[in-house]
Amino acid sequence: MQSKITKCVFPVAGLGTRFLPVTKELAKEMLPLVNRPIISYGVEEALASGCHEIIMITGRAKRSIENYFDRSFELEELLKSRGKTELYEMMLKISNMAEILFIRQREPLGLGHAVLCAEPVCGNDFFGVALPDDVFINEHDPVLAQLIKVHDKMGGSIIALEEIEPENVSRYGIVKSQFEIHDESFDSGIHKIIDMVEKPDLDNAPSNLAIMGRYILSPSIFPILREQQAGAGGEIQLTDAIKTLCAQEPVWGLVYKGRRFDCGTQKGWLAANVQLALEDPDLRDVILNIVK
Ligand code: G1P
């Protein structure tokens, strides 16, 4: 069955304060993860999951993302004239990778506000959301595809979940689930979500099930987001809006299968680079020679 979910929203307007000073001038989504910018991994995952309409919610300082996915005629001509065919073809492949629509988020009002900026394009359709800081590397189905599979079976909105150590709850949105459904089509249970809280203290966390950066959302989220007041960190939080959605429509959570790299912090990004380099036969020795 062909899923009806073809759109994926990437909020990329964030100022990247966790990476300062480097992000004073550089978009954090353009930092390299081994051989490609972080944003490329998320876009590749969305495309592999059947979402061929990519919507980036971008900001003033993020032109480099637009340029990365655009043609660069000067560079292409130079590579062609010098007989560097492989590199030339690599450049073409990147610019032909996806149709991308860019929408400006004019003020940094938070993730919920960024998603609201996609309303004119998403209209009445269910759509995916991918936070590019969370990079998933998978031998299994892409995580977004895992969520789409749950949506196709159960309907409603779907959230990717991970069981985390209790001491980390204050870094994530944390959910409360009412019950779990076990279905043979899925490796893990599907949680019926009834509540969620953004970055709670350990004492107020309803569980240790954390929201990871992949969602399938109902268009009913938009009217909720329009009314949403600022929450944690003084920002309009997507988590708060999904909490309201839970009371109106089914919201399911799936503990995804796969490996996640948190590229939203300097340490996480560095660890991801080292780990992936160790798994690359051409780069493995570079790391091993340093640590021996
Ligand atoms: C965002 C969401 C949070 C989620 C996290 C996953 O937080 O607000 O609910 O758990 O992504 O990475 P951020 O990391 O942008 O602060």
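Now for a quick tour of the structure. As the structure is a computational prediction, the values presented were derived from the model and not from experiment.

What to know about the overall build of the protein chain
Okay, step 1: Looking only at helices and strands, the protein chain features 11 helices and 13 strands.
Okay, step 2: For the protein chain, whose C-alpha radius of gyration is 19 Å, the value lies close to the compact-globule estimate of 19 Å for 292 residues.
Okay, step 3: Projected onto the principal axes, the alpha-carbon positions of the protein chain cover approximately 60 × 50 × 45 Å.
Okay, step 4: When each of the 292 residues of the protein chain is scored for burial, the buried share is 49%.

With respect to the environment of alanine 230
Okay, step 1: When you line up the elements, alanine 230 lands in the loop between helix H8 (221–227) and helix H9 (238–246).
Okay, step 2: As a C-alpha pair, alanine 230 and leucine 31 span 199 residues in sequence and 29 Å in three-dimensional space.
Okay, step 3: Ignoring anything within four residues of it in the chain, the contact list for alanine 230 reads Glu235 and Ile236.

Describing the pairing of strand S8 (residues 157–163)
Okay, step 1: The element S8 is largely enclosed, with a buried count of 6 among its 7 residues.
Okay, step 2: Taken together, the 5 bridges between S8 and strand S12 (residues 251–255) define a ladder with parallel strand orientation. Residue leucine 161 lies in a different strand from S12, and its bridge partner there is valine 255.
Okay, step 3: Bridging between S8 and strand S11 (residues 209–217) involves 5 bridges; their strand directions are antiparallel. Residue glutamate 163 lies in a different strand from S11, and its bridge partner there is leucine 209.

Examining the packing of helix H10 (residues 266–278) against helix H11 (residues 284–291)
Okay, step 1: Two numbers describe how H10 lies on H11: the axes approach to 7 Å, and their chain directions differ by 115°. One element, H10, and the other, H11, form an angle in the roughly perpendicular class. In the packing of H10 onto H11, the handedness of the crossing is left-handed. Packed against H10, whose contacting residues are Val274, Ala277 and Leu278, the element H11 presents Arg284, Ile287 and Leu288 at the interface.

A word on the nonpolar core
What tends to happen in soluble globular proteins is that the nonpolar side chains get buried as a cluster.
Okay, step 1: Judged by nonpolar contacts, the single largest core of 39 residues is most densely connected at Phe10, Ile39, Val43, Ile54, Met56, Phe69 and Met212.
Okay, step 2: No other element matches the 5 residues that helix H7 (residues 143–154) contributes to this core.
Okay, step 3: For isoleucine 39, the contacting residues outside a window of four places in its chain are Phe10, Val12, Glu29, Met30, Met56, Phe69 and Pro132.
Okay, step 4: Formed by 32 residues, the second largest nonpolar core is a distinct cluster that contains Ile55, Ala114, Leu209 and Ile211.

Section: H9
Because an α-helix packs 3.6 residues into every turn, residues spaced three or four apart end up facing the same way.
Okay, step 1: Counting buried positions along H9 gives 7 out of 9 residues, so the element sits mostly inside the fold.
Okay, step 2: Of the residues making up H9, those classed as buried are Leu238, Thr239, Asp240, Ala241, Ile242, Leu245 and Cys246.

Thresholds applied
Residues numbered from 1 in each chain as written. Predicted model: local features only at pLDDT ≥ 70, side-chain atom pairs only at ≥ 80, totals over all residues. Heavy atoms only, no water. Helix = DSSP H or I, 4+ residues; strand = E, 2+ residues; numbered from the N terminus. Rg over C-alpha atoms; globule rule 2.2 N^0.38 Å. Buried < 20%, exposed > 50% of the residue type's maximum accessible area, 1.4 Å probe, protein only. Contact = heavy atoms within 4.5 Å. Pairing = 2+ DSSP bridges. Axes fitted to C-alpha atoms, helices over the stretch in contact; angles between N-to-C directions. Parallel < 35°, antiparallel > 145°, perpendicular 65-115°, else oblique. Left-handed = near helix turned anticlockwise from the far one by under 90°. Core = buried A, V, L, I, M, F, W, Y, C linked by side-chain atoms within 4.5 Å.

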